[in-house]
Structures are given as structure tokens and as C-alpha cells.
Amino acid sequence: MEVVVVDSPEEGVALVADALATLVARRVDAILGLSTGSSPEPLYEELGRRCDTGRLSLQGVRAFLLDEYVGLAADDPASYRTTIRRQVVDRLDIDPDRVSGLDGMALDLSAECRDYEARIAAAGGVDLQLLGIGTDGHIGFNEPGSSLGSRTRIKTLTEQTVADNRRFFVDREQDVPRHVLTQGIGTILEARHLVLMAWGEGKADAVARAIEGPLTALCPASALQLHPHATVVVDVPAAGRLALVDYYRWVYVSKPSWQGI
Ligand code: F6R
């Protein structure tokens, strides 16, 4: 696992945007895995700036969302499909028909999850999966206790995650769903490159447990330790509890400049 400690989220998202641009330059029809929440927001803004100035085009890519709330319609302002439409589809030159999300209103949620897995596999699998991390160590919405081999399925959020998500439900806090559909940890681990971004002190504990703690279902993000190409990009406050922070910095500054993340 590569840990990159940056001085600011802006510096971090520039690195991730470079990696994405390199991927798309190599493969115009690359498959991206999109996450939602506040962590990837500055990245989507940076990608928007690059598309606006012609430095990047995502016209050929396909994308799969990581997760979705159960019971929210696709056009609900808080649904992840709407959030991605607002932050990515409306902002970048990505083809809306090539962006897929889970339907949290499907009558048969298990069939929806199975079908989603099949669609990802039929597309050839995810090349680059963006991830955030929950304060309890979740990735996607795989809460503590999730099987490290889990597949896309329905999950019940912890009370802490429900509380963390209230900020996205302004004036309707009682509507924060307790159930979600999420790619499983086994599903996520099949992506060819995982890029987890975390900003701010509030993530420091979860980041330290994920990177330096034991591999355990109690911290689902620790599953990244199993992946052959996982990159964790953190700002200084989010890196605040990492024991080997000096080493990670040393490794990064010692890297040849041609080698991206
Ligand atoms: C959302 C997702 C979640 C978030 C996590 C952190 O698609 O996968 O795992 O990444 O809850 O959320 P933020 O970034 O809002 O702190």
C-alpha cells in the first residue's frame, strides 16, 4: 500500500486527477468507480476544471457508483445517483448513459445487487476505484463487521453513520435512510487500483486503524492491506495518528518523478 501525505486536499486531488488522466490517456474507455460524500468533492471540482480547459476528456469512460440509499428515488436530491449527476455528470464531459448506479427503490433488492455485479463484470471490471472512509472505518457502506469477502448487497448503517450523514439531509434529518445497497468488500478489492482519500482530523483514527491496524472486519478499510495496488492520499490532519508517517513521506519524496501513484 502506498500512503501519500499531502499538505492540503488540493494537492492530494491534483495527484489523483493526474493518475486518472494517465489512465484515461492509456485507455479512453477506462472503467471508473465513483464514491460519494464530501471526500471526493474537491476531486470532482478539479476534474471539472481540467475538462473545462480541455486538459482532460472523460467522454469515453464508463463509471459505476459504489453505493446508494435504499428507499430514495433516483431523482431524490440526497440520492447518490443525484449527487453524482450534480457533481460529475453535469460538470464533466462524461456520457450520462455510461454512468451506472444501484437502484435503491428496486422491488427485488437482492436481484438488483446481483445484476449490478454482473454489469460490472460484463464491463470488464473497475480500473480505478475512488474511496472515502467513514469515521468507523467503513468503505462503501460496508460497516464494521462486514465480511471481507462480501459482494454487493443490502446493509444496515450504524447509528454513527446515520448521524454523520444527517448533514446531507438539510430540513429532513428524520429521512436519513438506515439501509443502503453497497458494493461488497470483495467486490471493491477486485478493482485494479484503489484510491482512498481522507481529509481532516476527524478521519485520523479510522485512517490509522485502516493502514496500520490489524486486518479485521471491525475496520473494513483495513481490507486495503490485501490489495496489490492501493493508494491512500491523506492530508496532514488525517495522517495525524500514523506511526510511520515519516517513512511514508520519505518513500514518496524518494520516488522517481516519472512514477505516478
Ligand atoms: C460514499 C461512500 C462512503 C463515504 C464515507 C465518507 O459513496 O462510499 O464510504 O466515502 O462515508 O464520507 P465523507 O467523504 O462524506 O466523509
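See above for the structure.
Below is a summary of the structure that appears in this document. (Residues numbered from 1 in each chain as written. Predicted model: local features only at pLDDT ≥ 70, side-chain atom pairs only at ≥ 80, totals over all residues. Heavy atoms only, no water.)

1. Here's the deal with the sheet that holds strand β7 (residues 153–156)
Just so we agree on the cut-off: Here, a strand pair is defined by DSSP locating no fewer than two bridges between the strands. Helix and strand assignments come from DSSP, with helices taken as H or I runs of at least 4 residues and strands as E runs of at least 2, each series counted from the N terminus. In this analysis an axis means a line fitted to C-alpha atoms, helices contributing only their contacting stretch, and an angle means the value between N-to-C directions, from 0 to 180 degrees.
Across the sheet, three strands lie side by side as β4-β8-β7; this open sheet has antiparallel pairing. Each of the sheet's edge strands pairs with one partner strand only, and the pair in question is β4 (67–69) and β7. This sheet shows a mean twist of 30° between the axes of neighbouring strands, independent of strand direction. Looking at chain direction, β4 and strand β8 (residues 179–182) are connected through three bridges and run antiparallel. Residue pairing in the sheet places Glu68 in a bridge with Leu181 of β8.

2. Digging into the nonpolar core
To be explicit about the condition: Only buried Ala, Val, Leu, Ile, Met, Phe, Trp, Tyr and Cys residues count toward a nonpolar core, and they belong to the same one when joined by side-chain atoms within 4.5 Å. Residue burial is assigned from relative accessible area. The probe radius is 1.4 Å, only protein chains are included, and a residue is buried under 20% of its type maximum, exposed over 50%, and partly exposed in between. The contact criterion used throughout is that any non-hydrogen atoms of two residues lie within 4.5 Å.
Counting residues in hydrophobic clusters, the biggest one holds 84 residues, and the most contacted among them are Leu34, Leu43, Leu130, Val234 and Leu242. By residue number, the principal contributor to this core is helix α1 (residues 9–26), which donates eight residues. Not counting the four nearest positions on each side in its chain, Leu43 is found in contact with Val13, Val16, Ala17, Leu130 and Met197.

3. Quick word on the pairing of strand β10 (residues 230–235)
Summarising burial for β10: six of the six residues are buried, a large majority. The sheet contact formed by strand β1 (residues 2–6) and β10 spans five bridges and is parallel. Bridge pairing in β10 places Val5 opposite Val234. Inspection of the sheet shows strand β9 (residues 193–198) paired to β10 by five bridges, in the parallel sense.

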